[in-house]
Amino acid sequence: MDVLKFGGSSVGNSENITKVMDILESYSKKGKVICVVSAIGGITDKLLNCGLLALNKNEDYITEFEAIKNIHFKILSELIQSGNEIAQDYLSSELNYLKNLLDGIFLINELTPKTSDKLVSFGELMSSFIITEALKTRGIDAVRKNSQELIVTNSMFTKADVNYLVTNKNIQDYFQESHRLTILPGFVSKSNIGEITTLGRGGSDFTASIIAAALRVKQLEIWTDVSGMYTANPKLVKQASPIEVLSYQEAMELSHFGAKVLFPPTIQPALDSEIPILIKNTLKPNDNGTLIKTQGNLGLRANVVSGISSVDNIALLTLQGNGMIGIPGFSKRLFEVLALEKINVIFITQASSEHSICFGISEYDAMLATTAVDEEFEYEISKRKIRPVTVEKDLSIVAVVGDNMKNHQGISGKMFSALGKNNINVRAIAQGASEKNISAVIFKKDVKKALNSLHETFFEVKTKQLNVFIAGVGNVGERLLSQIHQQSKFLKKELHINLRVIGISNSKKMVFDDDGIPLENWKELLSFGEPASLHSFLEKTTLLNKRNSIFIDITASESVSNMYAEYLKRSISVVACNKIACSSDYKNYQNLKDLAKKYNASFLFETNVGAGLPIIDTLNNLVASGDKITSIEAVLSGSLNFVFNNFNSSTKFHDVVKQAQAEGFTEPDPRIDLSGVDVARKILILARESGYEMNLDDIANKSFLTQANLKSDSVVDFYKTLIEDEKHFQDLFDSAQANDSQLKYVAQFNQGKANVALKEIPQGHPFYNLEGKDNIVMFYSQRYPEQPIIVKGAGAGAEVTASGLFADIIRVSNR
Ligand code: ADP
Ligand code: ASP
Ligand code: MG
């Protein structure tokens, strides 16, 4: 004998019901089958909603009722095209009765738990009838049995307790002589005085388990819309996968803490009779599903943690005061009063100081609990021995579950460091002595991020997800996006990094995609995006609340750089190509570094100096390993190097600068490069990264430009003065040539002092042969006092700058 249960989504439409009938047909060929069905997907919610509307004198209840009616008639007519009069009559009379009930609620303005049970019972009663009739038209000998005639409960409406003695006997008696295929409505039952009761939301699973246990069948099958109990809710965690086997205890913990795929009380009858539960997918019947059985039979399992789950809408109540310390009986009174009010306590912690007890309950019970507890401790509160209960809302619980956790150290360490790294604040923690479950109370807004971070930690050791938000998609940004697009497969395969671009913004538009923007047509998507603003970009990034988020600034805008602090405060790493922040006031630079430390984020800006060359990284590695930088000598301007490499007696200075600008080697305003300001900013950043507190004013900058060049107040004017002062530049060139030297724009730092200047570099010096737009940096340190560490290579250009940004992104993932 097989006992199968099909949930609401499995019977949500005629197409799925056909799949259910196929499964039943093939099972019934092998032996007797008992099948429990839920209401058609969404109907229970609709019935309850109808009731509430009627209760509130809102006539929309009629529209909602019509919707319920139409859904049922539509499914019936799709399943049985002709000869469905019996079912039509049945549905009409049930729906009539339902409508009368709703009208009654509307008229008398009252919806008791008893009426509510009557109301929702229509869902399962109608679905089981339709399915049975549809099976019959297929020529299958199916019989419907109303489970209310078998399952007897007390009168605790909306979640009644089963009287097993009577129920088991009813079931055993009835199925002694059973049909080949019996269809029963789940969830519904009757009290011992004949009132309609229900077993609690999601209770059809329980109906099936009660029947399976009473008949001691070999296995109970729960058919649903997913392929088993997953490592985490697959609707929230994309990477989750079905768990092959679980113990009853693990399944109980997971379902108790929110894995809705199995209604928690379902497990008890199966466990008592040691009946394995198999969870299967109606839409993919060939998938293995999850098998739940006794702990001893599970075999060797690779994972210590079996699954992660979460429950929303939790309120945390705290009772505290010195009057509780060392005095027995407080907890007894507290939990007794909660039990009296039938409030389910989901979570308890008490610090060893006994100064406070903290417990988690459903948010819906919070008011009732507060009043009851405050009343119970009225005397102690009036004597100021304890304080009135405090309530916090908008919370959730995340739980990490596994039978084997007790034999392994460091699980909770891993759990809380994963939460901490992602800026998820933990309000309370509980771990049962059996160590099958570690749970944490967190803010509801963080649940998705928490589940994904924990899943990554415990199940995806091999892939790390990086979520990137890019501001600025000019030349460099465009290259970066195409590099990410090109490399994504390699990153996944070789480095186990899943890099996704979630947000892109230019100065006009911005676009987001929770699952990653398809990079083959980001330009088009961006052109249809919403209007851009720095604050809404931050807001959206914050709301998406993704783990391992990185904000990438590829603009040259001060206002963008002013936003870094906000990102870092939200534990979002910042990767900047823009050098304004790092060369701004020292306090601002230091503050950003401090924020990064405090909020466990990275703040990286390798491309501020030498584009993609690993200059800052080399410097950081020296400092981190205990070395001290004593001096730096460098050619740091790709643009000035280009200019002086191409300027000679047969070219004109003005023309060479124009060419550098046209080829994109200078800033939009070439004066920033030619005045030396850009180089000064770079050496400042290197000095700061070497541990020196300096500002831009501290960098001596003796310009090689003329007074007229410097005073020009527009780029056009500037170019005019370059033509007028051509002789000045030719003199500089001639002098260098006479001395057998090359002109190089050099930055120097030595023992806390720095300068930038145009220099004549003699033959034999490492700078002499520096070509094209190359950069070179020589680091002298305590470990490298005479022979410096030299980093040399292309120091400008969009492609190399983009690759420098890419390297920073990878660095963030490695931290
Ligand atoms: P049914 O209608 O079949 O009773 P439910 O909606 O009650 O189905 O339960 C199935 C749903 O449970 C899934 O669609 C999924 O969204 C949710 N769920 C939550 N946690 C888990 C989990 N750990 N594994 C599988 N499903 C889960
Ligand atoms: N129909 C009920 C509910 O939605 C019971 C069930 O489907 O298990 O809660
Ligand atoms: Mg369910």
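Here's what I pulled together on the structure shown here. No experiment lies behind these values; they were computed from the predicted model shown. Counting restarts for each chain, with residues numbered from 1 along the sequence as it is written. Both sets of labels track the order of writing: A upward for chains, 1 upward for ligands. At least 70 in pLDDT is required for a residue's local features to be given in this predicted model, at least 80 for side-chain atom pairs to be given and counted, and no such filter applies to totals for whole chains, interfaces and linings, which use all residues. The basis for the side-chain values is all heavy atoms of the structure; hydrogens and waters are excluded.

Description of the sheet that holds strand 3 (residues 142-144)
To keep things clear, this is the line we draw: One requirement defines pairing of two strands: DSSP has to find at least two bridges between them. Helix and strand assignments come from DSSP, with helices taken as H or I runs of at least 4 residues and strands as E runs of at least 2, each series counted from the N terminus. Lines fitted to C-alpha atoms define the axes here, with helix axes fitted over just the stretch in contact, and angles between the N-to-C directions of these axes take values from 0 to 180 degrees. Only heavy atoms matter for contacts: two residues are in contact if any of them lie within 4.5 Å across the pair.
Here eight strands make up an open sheet; going across it, the order is 3-5-2-1-8-10-11-9 and the pairing mixed. One side of each edge strand has no neighbouring strand; the edge strands of this open sheet are strand 3 and strand 9 (245-247). Averaged over neighbouring strand pairs, the angle between their axes works out to 20° when direction is ignored. Inspection of the sheet shows strand 10 (residues 277-281) paired to strand 11 (residues 290-293) by three bridges, in the antiparallel sense. Directly across from Leu 278, in strand 11, lies its bridge partner Leu 291. Against the sheet, helix 1 (residues 14-30) makes contact with strand 1 (2-6), strand 2 (33-37), strand 5 (181-185) and strand 8 (220-224), and its axis sits at roughly 180° relative to strand 1, the strand it touches most.

With respect to the sheet that holds strand 4 (residues 152-153)
Two orientations exist for strands paired in a sheet by backbone hydrogen bonds: parallel and antiparallel. On the basis of which strands lie adjacent, the open sheet formed by three strands has the order 4-6-7 and mixed pairing. The open sheet terminates on both sides in strands that have one partner only, identified here as strand 4 and strand 7 (196-198). Relative to strand 7, helix 5 (residues 113-137) is tilted by about 75°, and along the sheet it contacts strand 6 (188-191) and strand 7.

Some words on the site of ligand 2
The following threshold applies: The near set for a molecule or strand comprises every residue that places at least one heavy atom within 4 Å of it. Residues adjacent in sequence count toward polar contacts only when both atoms are side-chain atoms; beyond that, a polar contact is any pair of N or O atoms within 3.5 Å, and within protein one must be able to donate a hydrogen and the other to accept it. Here the accessible surface of atoms and residues is derived via Shrake-Rupley with a 1.4 Å probe, and residues count as covered only by protein chains that are part of the display.
With respect to spatial proximity, the complete set of residues near ligand 2 consists of Ser 38, Thr 44, Glu 124, Phe 187, Arg 201, Gly 202, Gly 203 and Ser 204. Residue Ser 204 places a main-chain N or O atom 3.0 Å away from an oxygen atom belonging to ligand 2. Computed on the free molecule, ligand 2 has an accessible area of 270 Å², of which 86% lies beneath the protein chains in the complex.

Focus on unusual backbone geometry
The residue Lys 342 is not glycine, and still its phi comes out positive at about 60°. With a phi angle near 45°, Asn 548 is a residue other than glycine that sits in the positive phi range. For Asn 548, the position within the fold is in the loop between helix 17 (534-544) and strand 22 (549-553).

Examining the layout of surface pockets
Take a probe with the size of a water molecule and roll it over the atoms, and the empty space left behind shows itself. How we decide: Cavities and pockets were defined on a 1 Å grid built from protein atoms only: a cavity is a group of points that admits a 1.4 Å probe but offers it no way out, a pocket is an open group of points flanked by protein on both sides within 12 Å along at least five of seven lines, and a lining residue is one with an atom within 4 Å of any such point. Grid points are joined across faces, edges and corners, and a volume is the space filled by probe spheres set on the points. Residues are grouped as follows: Ala, Val, Leu, Ile, Met, Phe, Trp, Tyr, Cys and Pro are nonpolar; Asp, Glu, Lys and Arg are charged; every other residue, Gly included, is polar.
Of the voids in this model, the second largest pocket is the one considered here, and its volume is about 930 Å³. Val 476, Cys 577, Thr 666, Glu 667 and Pro 668 are the residues nearest the centre of the second largest pocket, which is lined by 35 residues in total. Breaking the lining of the second largest pocket down by element, the ones donating at least two residues are helix 15 (475-495), helix 23 (638-646), helix 25 (671-674), helix 26 (677-689) and helix 30 (798-814). Per-class residue counts for the lining of the second largest pocket are 12 nonpolar, 15 polar and eight charged.

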